[in-house]
Amino acid sequence: MGLYSYIRYRDQGICVYCEDEIGQEIDHVLPRSRGGKTISANLVLACGACNRAKYSHLDEEMIRKAFVHLSKHGESLDWVYEISVNSDTESFRSVLAAIKEEDHKDEERDRQDELDWIQRNQEDEARHHRSLDLQKKFQTREKSVEELQKMLDREHKKIVRLQEELAKNISNTKKLK
Ligand SMILES: [Zn+2]
C-alpha cells in the first residue's frame, strides 16, 4: 500500500479536523515550510475547507487535534521534538506536552476501565458460584424429595397389600362362620 493510500485507509476517508466532511486532500500537519516531513506521522486527510482554514492561519488547535489523532493511531511523534520549528518551537512544544498529557489521561482511563472490568468479572464469578451452590442445594433437596416420594410409594403399596390381606381374612372369617 502506498503512503497516500495508507493515509486514506487509516483516516477512513474522513477529514481529521472537522470529523464530518469527506477528506479529499492530504494535509501536512506541520507544513513543509516549517520542517514537516512527508511521512505518515505528519499526514492526515482533510476536507478542502479545513485545509484552507489551517493554511491561512497556522491553527494550533487544529494541529493539536491532528497530532492527537496521529498518536491515537500509533504514529510516533518523536520526530516533531527533534526538528527545529524556528519561532514556533515553543508553541509546538506546548502542543506536544498537551498531547502527552492527554495520552497519559487516556492510559489512566484505560487502567481504570481494566480495573473496573476485573472487578465486574470477579463479582460475576462470585454470583455464578453462588448460583451454582444454590443449584446444587436444590438438586440435593430434589433428590431427597424424590427418595421420600419413593418411600411413600413403597409404604403405600405395603398398605394396599395389607388392606387386601385384611379383606381376604375378613371374608375367610365370614365364610368360616
Ligand atoms: Zn474538515
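This report concerns the structure included in the present document. (Residues numbered from 1 in each chain as written. Predicted model: local features only at pLDDT ≥ 70, side-chain atom pairs only at ≥ 80, totals over all residues. Heavy atoms only, no water.)

## Quick word on the pairing of strand β2 (residues 43–46)
Across the two faces of β2 the burial is the same, with Leu43 and Leu45 and Val44 and Ala46 all buried. Pairing analysis gives four bridges linking strand β1 (residues 25–28) to β2, with the strands arranged antiparallel. Paired with Glu25 across the strands is Ala46, a residue of β2. (Buried < 20%, exposed > 50% of the residue type's maximum accessible area, 1.4 Å probe, protein only. Helix = DSSP H or I, 4+ residues; strand = E, 2+ residues; numbered from the N terminus. Pairing = 2+ DSSP bridges.)

## Some remarks on the nonpolar core
Residues Tyr17, Val29, Val44, Phe67, Leu77 and Trp79 are the most contacted members of the largest nonpolar core, which totals 21 residues. At the level of secondary structure, the elements contributing two or more residues to this core comprise β2, α3 (60–72), α4 (78–82) and α5 (89–176). Residue contributions to this core peak at six residues, all from α3. With near-sequence residues (within four places) excluded, Val29 lies in contact with Tyr17, Asn42, Leu43, Val44, Lys54, Ile63, Ala66, Phe67 and Leu70. (Core = buried A, V, L, I, M, F, W, Y, C linked by side-chain atoms within 4.5 Å. Contact = heavy atoms within 4.5 Å.)

## Considerations on the coordination of the zinc ion
Ligation of the zinc ion by protein atoms is provided by Cys15 (SG), Cys18 (SG), Cys47 (SG) and Cys50 (SG), these donors lying 2.2 to 2.3 Å from the ion. Geometry at the zinc ion is tetrahedral, judged from its four donor atoms and the angles of 101 to 119° they form at the metal. Linear spacing of the donor residues for the zinc ion on their chain is C-x2-C-x28-C-x2-C. Here Cys15 is found in the loop between α1 (3–10) and β1, whereas its partner Cys50 is found in helix α2 (residues 48–56), with 35 residues between them in sequence. Assigned by exposure class, Cys15 and Cys50 land together as buried. (Donors = N, O, S within 2.8 Å, 3.2 Å for Na, K, Ca; no water. Tetrahedral: all angles 85-135°; square planar, octahedral: opposite > 155°, others 65-115°.)

## Digging into the pattern of salt bridges
Any two side chains of opposite charge can pair if their charged atoms end up close together. Enumeration over the complete set of coordinates arrives at seven salt bridges. One salt bridge in this structure joins Arg10 and Asp11, with 2.8 Å as the shortest N-O distance. When sorted by exposure, Arg10 lands in the same class as Asp11, which is buried. We note a salt bridge from Asp27 to Lys54, for which the minimum N-O separation is 2.9 Å. Of this pair, Asp27 sits in strand β1 while Lys54 is found in helix α2, placing the two residues 27 residues apart along the sequence. You can call Asp27 buried: its relative accessible area is 7%. Here the salt bridges do not stand alone but share partners, grouping Arg10, Asp11 and Glu75 into one network. (Salt bridge = Lys/Arg side-chain N within 4 Å of Asp/Glu carboxyl O.)

## What about α3?
Spanning 13 residues, α3 covers 18 Å between terminal C-alpha atoms, matching the ideal 18 Å at 1.5 Å per step. Along α3, the residues that are buried comprise Met62, Ile63, Ala66, Phe67, Val68, His69, Leu70 and Ser71. In the segment just after α3, Gly74 is the residue with positive phi, at about 80°. (Expected span 1.5 Å × (residues − 1).)

## Re the environment of Thr38
Topologically, Thr38 is positioned in the loop between β1 and β2. Take Thr38: its relative accessible area is 38%, and that puts it in the partly exposed class. Through-space distance from the C-alpha of Thr38 to that of His28 is 7.1 Å; in sequence the pair is ten residues apart. In this structure Thr38 touches Leu3, Tyr4, His28, Arg32 and Leu43, once residues within four positions along its chain are discounted. At a separation of 2.9 Å, a polar atom in the side chain of Thr38 contacts the side chain of His28. (Polar contact = N/O pair within 3.5 Å; in protein donor to acceptor, adjacent residues only side chain to side chain.)

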